[in-house]
Amino acid sequence: MTIREAVIRAIRERQGQWVSGEALSQGLNVSRTTIWKQIKMLQSEGYAIESSPKKGYRLSIFPDILSPEEVKGGLQTSAFGQEHYFYFREIDSTNNYAKQLAAEGYAEGTLVVAEKQSAGRGRRGRQWHSEPGQGIFMSLILRPKLPVKELSRITMFIAVAIVETLNGVGIKSGIKWPNDVLVNGRKIAGILTEAVTDMDGIEYIVTGIGLNVNTLIKDFPEEFRSIATSVQEEAGCVFPRVELLQALLLHLEKHYQKLIAGGFNEILEKVRNLSLVIGHDIKIDSVNGISNGRAIDIDNNGFLMVRDAMGNIHHVMSGEILFKPNKKTVK
Ligand code: BTN
């Protein structure tokens, strides 16, 4: 255990009570200056630690920060976020950092979490709004032994895990193929899956998730205010991000294990039931340009099946659906 972890543990154990610098320094066998420096650091990170020259230190409330010390305590996964958990107060993009780690050989389940991203990325070169303390901005390294054509399955299982996490806090959401999670027609979460492949298949995948938790609609940039929402907006109260991240990681791991064990059909069935696009006439922007048709199903690889006006069926691997899904289609 690092000194930082030991200090956090010691003040957490006595939450609401004063503990002297002397007692901490003796208990942890470090100097009082070391304790003082650690406390200063934790305060700067958002820990509400009071300090008094006479009484010492006191943690008044548990902070809602996504540091490993806060998240790992109640984390029930076996691998995701366990061995390697990288935490940043600020970073350009968690996906960028996770890709570097993956290239260095970091194992499946390695997690990168940030409170704020200065250059959070969405699909198609878009920016992802990532203000401190408002959302979950995370990237996970995966190394599935899947053929490249099954890559879309990854985004599918992640979307299902996000929907189930939101269900757990009473928020009903649906999936706008391929990577958006919507509540009442507004986006609450997005997925950015980036893969490195070779002749043998997938070398690694970095999957980034952005979940709007405590952002108020008025705090989104102007262009997102009519299309975005957050857990707080939907639930009507501030939400502890720590609990949400713990639940999300557990759902992710459960569905990933299912996928790897050959259980994609179950995931696909869920995606079909949660889909906000199947049965709709859509306009889709894909590698083949913009086309129109009716979304009729999602195939076994996770491709969207679109029937054109001539009755031909196209299996679309990736693209952007250009329509506002009907609110009533959330199941
Ligand atoms: C989208 O909807 O276009 C995908 C958004 C993905 C955003 C997340 S936030 C964490 C991770 N790091 C990034 O730079 N992007 C993803």
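Residues numbered from 1 in each chain as written. Predicted model: local features only at pLDDT ≥ 70, side-chain atom pairs only at ≥ 80, totals over all residues. Heavy atoms only, no water.

## Describing the packing of helix H1 (residues 3–13) against helix H3 (residues 32–44)
Consideration 1: Where H1 contacts H3, the two axes come as close as 10 Å, and the packing angle between them is 80 degrees. Taken together, the axis directions place H1 and H3 in an arrangement best described as roughly perpendicular. Residue-level contacts link Ile3, Arg4, Val7 and Ile8 of H1 to Thr34, Ile35, Gln38, Ile39, Met41 and Leu42 of H3.
Consideration 2: When its residues are assigned to classes, the contact of H1 with H3 shows seven nonpolar, two polar and one charged. (Axes fitted to C-alpha atoms, helices over the stretch in contact; angles between N-to-C directions. Helix = DSSP H or I, 4+ residues; strand = E, 2+ residues; numbered from the N terminus. Parallel < 35°, antiparallel > 145°, perpendicular 65-115°, else oblique. Contact = heavy atoms within 4.5 Å. Nonpolar A, V, L, I, M, F, W, Y, C, P; charged D, E, K, R; others polar.)

## Quick word on the packing of aromatic side chains
Consideration 1: Within the structure shown, the criterion is met by five aromatic pairs.
Consideration 2: Centre to centre, the rings of phenylalanine 88 and tyrosine 97 are 4.8 Å apart; their planes meet at 70 degrees, and the pair counts as edge-to-face.
Consideration 3: Site record: aromatic cluster; members linked through ring pairs are Phe86, Phe88, Tyr97 and Tyr106. (Phe/Tyr/Trp six-rings, centres within 6.5 Å; stacked < 30°, edge-to-face > 60°.)

## Quick look at the sheet that holds strand E14 (residues 319–321)
Consideration 1: Read across the open sheet, the five strands follow the order E13-E12-E11-E10-E14; overall the sheet is antiparallel. Both edges of this open sheet fall to strand E13 (313–316) and E14, since each of them pairs with a single strand only. Ignoring which end each strand starts from, the neighbouring axes of this sheet average 45 degrees apart. (Pairing = 2+ DSSP bridges.)

## What to know about the packing of helix H6 (residues 152–168) against helix H8 (residues 241–260)
For any two helices packed against each other, the geometry comes down to the angle between their axes and how far apart the axes lie.
Consideration 1: Running from amino to carboxyl end, H6 crosses H8 at an angle of 140 degrees, the nearest separation of the two axes being 8 Å. By the angle between their axes, H6 is oblique relative to H8. Considering the relative orientation of H6 and H8, their crossing is right-handed. Judged by residue contacts, Arg153, Ile154, Phe157, Ile158, Val160, Ala161, Ile162, Glu164 and Thr165 of H6 engage Leu244, Ala247, Leu248, His251, Leu252, Lys254, His255, Tyr256 and Leu259 from H8. (Left-handed = near helix turned anticlockwise from the far one by under 90°.)

## Focus: H3
Consideration 1: Counted at 1.5 Å a residue, the expected span for H3 with its 13 residues is 18 Å, and the 18 Å between its end C-alpha atoms agrees.
Consideration 2: Among the residues making up H3, those that are buried are Ile35, Gln38, Ile39 and Leu42. Down the axis of H3, the buried set is contained in an arc of 100 degrees. They therefore lie on one face.
Consideration 3: In this structure, the buried residues of H3 make contact with H1, helix H2 (21–28), strand E1 (49–52) and strand E2 (56–59). (Expected span 1.5 Å × (residues − 1). Buried < 20%, exposed > 50% of the residue type's maximum accessible area, 1.4 Å probe, protein only. Arc of directions from axis to C-beta.)

## A word on unusual backbone geometry
Consideration 1: That bond from tryptophan 177 to proline 178 is cis: its omega, 0 degrees, falls within 30 degrees of zero.
Consideration 2: Positionally, proline 178 belongs in the loop between strand E6 (174–176) and strand E7 (180–183).
Consideration 3: The residue asparagine 29 is not glycine, and still its phi comes out positive at about 60 degrees.
Consideration 4: By secondary structure assignment, the location of asparagine 29 is in the loop between H2 and H3.
Consideration 5: In the Ramachandran plot, arginine 124 falls in the positive-phi region, its phi being about 55 degrees despite a non-glycine side chain.
Consideration 6: Structurally, the position occupied by arginine 124 is in the loop between strand E4 (111–114) and strand E5 (135–142).
Consideration 7: By relative accessible area, which is 42% here, arginine 124 ends up partly exposed.

## Describing the site of the ligand
Consideration 1: With respect to spatial proximity, 21 residues lie near the ligand, and among them Ser93, Gln117, Arg121, Arg123 and Lys187 are the closest.
Consideration 2: In the model, a nitrogen atom of the ligand is placed 3.0 Å from a nitrogen or oxygen of the threonine 94 side chain.
Consideration 3: Contact with the protein chains removes 99% of the 420 Å² of surface that the ligand exposes when unbound.
Consideration 4: Those elements that place two or more of their residues in the shell around the ligand are helix H5 (94–104), E5, strand E8 (186–198) and strand E9 (201–212).
Consideration 5: Considering each element in turn, the shell around the ligand owes the most residues, four residues, to E8.
Consideration 6: Within the shell around the ligand, the residues separate by chemical class into six nonpolar, 11 polar and four charged. (Near = heavy atom within 4 Å. Polar contact = N/O pair within 3.5 Å; in protein donor to acceptor, adjacent residues only side chain to side chain. Areas by Shrake-Rupley, 256 points an atom, 1.4 Å probe, with all protein chains shown as cover.)

Functional significance is not addressed by these values, which are geometric in nature.
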